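Summary of the model geometry
In case you want the letters, here they are:
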Amino acid sequence: QAQLVESGGGLVQAGGSLRLSCAASTRTFSNYAMGWFRQAPGKEREFVAIISDSGLTTYYLDSVKGRFTISRDNAKNMVYLQMNSLKPEDTALYYCAAAVTIMRAQRNEYTYWGQGTQVTVSS
């Protein structure tokens, strides 16, 4: 019954910033590890970032380290992806997803997926 809804995508120029948000409907949101993924045309979905249920542990795709920050607010059932210094190669449909545990998230075993929000970075 959980629902994840992403927002915050848009068109930005290279070097710009966006903050993506993911709103979760489940009452047990705080029990889930959350991840952000992206999929560009012609490519498979790839991992971007993961955050533990407590928010104390995070993992990032190497190419976004230092530029992207994943965070969450369990009181608001929200997870965020702050994206700075955006590059054209960041262009993709970005999804948030929920995993029962961070170990399952690391194994790409996610239970719930959002519909995605488009991020387009122009050069």
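Notes on the structure in this doc start here. (Residues numbered from 1 in each chain as written. Predicted model: local features only at pLDDT ≥ 70, side-chain atom pairs only at ≥ 80, totals over all residues. Heavy atoms only, no water.)

**Side note on the state of the cysteines**
As used in these notes, a disulfide is a covalent bond between sulfur atoms, one from each of two cysteines. Under the criterion given, the structure shown has 1 disulfide. Covalent S-S linkage joins C22 and C96, the inter-sulfur distance amounting to 1.9 Å. The sign of the 50 degrees torsion about the S-S bond sets the C22-C96 disulfide as right-handed. With C22 in strand β3 (residues 18–24) and C96 in strand β9 (residues 92–99), this pair connects stretches of sequence that are 74 residues apart. (Disulfide = S-S within 2.5 Å. Helix = DSSP H or I, 4+ residues; strand = E, 2+ residues; numbered from the N terminus.)

**Focus: the pattern of salt bridges**
Counted under the stated rule, the structure contains 5 salt bridges. Between D62 and K65 there is a salt bridge, with the nearest N and O atoms lying 3.0 Å from each other. Accessibility expressed as a relative area gives 59% for D62, which makes it exposed. One continuous salt-bridge network, built from bridges that share partners, spans R38, E46, R67 and D90. (Salt bridge = Lys/Arg side-chain N within 4 Å of Asp/Glu carboxyl O. Buried < 20%, exposed > 50% of the residue type's maximum accessible area, 1.4 Å probe, protein only.)

**Quick word on the side chain of R38**
Tracing the backbone through its elements, the reader meets R38 in strand β4 (residues 33–39). A polar contact of 2.9 Å, which involves the side chain of R38, links it to the side chain of D90. A polar side-chain atom of R38 sits 2.9 Å from a polar atom in the side chain of Y94. (Polar contact = N/O pair within 3.5 Å; in protein donor to acceptor, adjacent residues only side chain to side chain.)

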